Amino acid sequence: SILDEDRFIYVNDAYADLYGYNPEEMLGEHWKLIYPDDEVAEARDEILPKVAESGHWHGKTTGLRKDGSTFVEDHTLALTEGGELVCTVRDITESEKQQKRLEHTLTRLELAVEGANLGVWDWDMTSTRVEFNEQWAEMLGHSRSDLDFQFGVWEDLVHPEDLPRALDALDRYLAGKIDTYDPEIRMKTAEGEWKWVQTIGKVIDRDEEGRIRRTAGVHLDIHDRKQAEGDLRRSRRRYRSLFRDSTDAILVHDLEGTVQEA
């Protein structure tokens, strides 16, 4: 639309339809016709002075339709050499709703990640940059500021015996030979000890030719579980040794009397 002295002198069909009018209804009307009362004051006192000063303005405003409903609009204003005001408007109500839903989802996700103490990593495979959250660093006794955001940092922290297996699993996953990337590895803590971690990753972005650009995933602290599994294996070995080498007669059966071992 085009305005002269605050009144519409030209309105195209798309502009008028956006507000529920036909162009003839809007011609000669003041621009206040299509804005709620509280937006009128802001436009008059803040937006229009900026246009007069710089010659243009861009931002979000609230449009008022003929039926009284409102919508969020992406709004651009520009002054012509003759002093006329050119307005272009785009309805962004749905994109605003989607953005709010996304922000809400991300907030919930961040809370879930923090509550579950998950270490999150995000690898830009077009470079060596790897972003990771505070929990990732704290899991190994570091702070985020201690570690450089490079893939080599991860390689340096993985146990030498586990690194070839982890890299092989990564190569096979990226090549499509296996469906999941989730090796269990030992990583060095800030105190120099080894902690068991499960790293789970997934490809999340490819270019137009299918080349992988980005992968992301999480680190899970599985040290207590691996310790318990080790203790259980040792207990079983001791039990088998005592059972096998005992000079006493030993019979093991269930409550129904079925013999399990002798």
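Just so we're clear, the structure is a prediction, and the values are computed from it rather than from any experiment.

Participant: So what exactly am I meant to see when it comes to the pattern of salt bridges here?
Facilitator: When the charged atoms of two side chains lie near each other, side chains of opposite charge can form a pair. Across all of its chains, the model carries 18 salt bridges by this definition. The residue D74 makes a salt bridge to R90 at a minimum N-O spacing of 3.9 Å. With D74 in strand 4 (residues 70–79) and R90 in strand 5 (residues 85–91), this pair connects stretches of sequence that are 16 residues apart. Note on D74: relative accessible area 16%, which makes it buried. Close ionic contact of E184 with K226 constitutes a salt bridge, the shortest N to O distance being 3.1 Å. With a gap of 42 residues between them, E184 in strand 8 (residues 184–188) and K226 in helix 8 (residues 223–245) connect regions that are remote in the sequence.

Participant: Mind showing me how you'd approach the packing of aromatic side chains here?
Facilitator: Where two aromatic rings form a pair, the distance of their centres and the angle of their planes describe that pair. If you walk through the whole model with that rule in mind, you get eight aromatic pairs. Through pairs of rings, three or more aromatic residues link up here, namely F8, Y15, Y19 and F71.

Participant: Help me out: how do you make sense of empty space enclosed by the protein in this one?
Facilitator: Once rolled over the atoms, a probe with the size of a water molecule shows which space is left empty. Here the structure, examined in full by the defined rule, presents two cavities of 30 Å³ or more. Lining the largest cavity are 18 residues, with W121, W123, V130, F151 and W154 positioned closest to its centre. Secondary structure elements with two or more residues in the lining of the second largest cavity: helix 3 (37–54), strand 3 (56–64), strand 4 and strand 5. The greatest single-element share of the lining of the second largest cavity, amounting to four residues, is contributed by helix 3. Looking at the lining of the second largest cavity residue by residue, the class counts come to 13 nonpolar, two polar and one charged.

Participant: Which parts of the structure should I look at to understand a negative patch on the surface?
Facilitator: A cluster of acidic residues, D37, D38, E42 and E46, forms a negative patch on the protein surface. Counting through the fold element by element, E42 comes out in helix 3. A relative accessible area of 36% places E42 in the partly exposed class.

Participant: Hey, could you run me through the sheet that holds strand 4 in this one?
Facilitator: Adjacent strands of a sheet pair through backbone hydrogen bonds, lying either parallel or antiparallel. The antiparallel open sheet is built from five strands, whose spatial order is 2-1-5-4-3. The open sheet has two free edges, formed respectively by strand 2 (7–10) and strand 3, since each of these has just one partner strand. Strand-to-strand twist of the sheet, defined as the mean angle between neighbouring strand axes without regard to direction, takes the value 40°. Bridge count for strand 4 against strand 5 is seven bridges, and the pairing is antiparallel. In the sheet register, H75 faces strand 5, and the bridge partner there is V89. Sitting on the sheet, helix 3 is in contact with strand 3, strand 4 and strand 5, with an inclination near 160° to strand 3.

What counts as what
Residues numbered from 1 in each chain as written. Predicted model: local features only at pLDDT ≥ 70, side-chain atom pairs only at ≥ 80, totals over all residues. Heavy atoms only, no water. Salt bridge = Lys/Arg side-chain N within 4 Å of Asp/Glu carboxyl O. Helix = DSSP H or I, 4+ residues; strand = E, 2+ residues; numbered from the N terminus. Buried < 20%, exposed > 50% of the residue type's maximum accessible area, 1.4 Å probe, protein only. Phe/Tyr/Trp six-rings, centres within 6.5 Å; stacked < 30°, edge-to-face > 60°. 1 Å grid on protein atoms, 1.4 Å probe; cavity = no way out; pocket = protein on both sides within 12 Å on 5 of 7 lines; lining within 4 Å. Points joined across faces, edges and corners; volume = space filled by probe spheres on them. Nonpolar A, V, L, I, M, F, W, Y, C, P; charged D, E, K, R; others polar. Patch = residues over 30% accessible without salt bridge, like charges linked within 9 Å, V, L, I, M, F, W, Y side chains within 5 Å. Areas by Shrake-Rupley, 256 points an atom, 1.4 Å probe, with all protein chains shown as cover. Lys, Arg positive; Asp, Glu negative; His and termini not counted. Charge placed at Lys NZ, Arg CZ, Asp CG, Glu CD. Pairing = 2+ DSSP bridges. Axes fitted to C-alpha atoms, helices over the stretch in contact; angles between N-to-C directions. Contact = heavy atoms within 4.5 Å.

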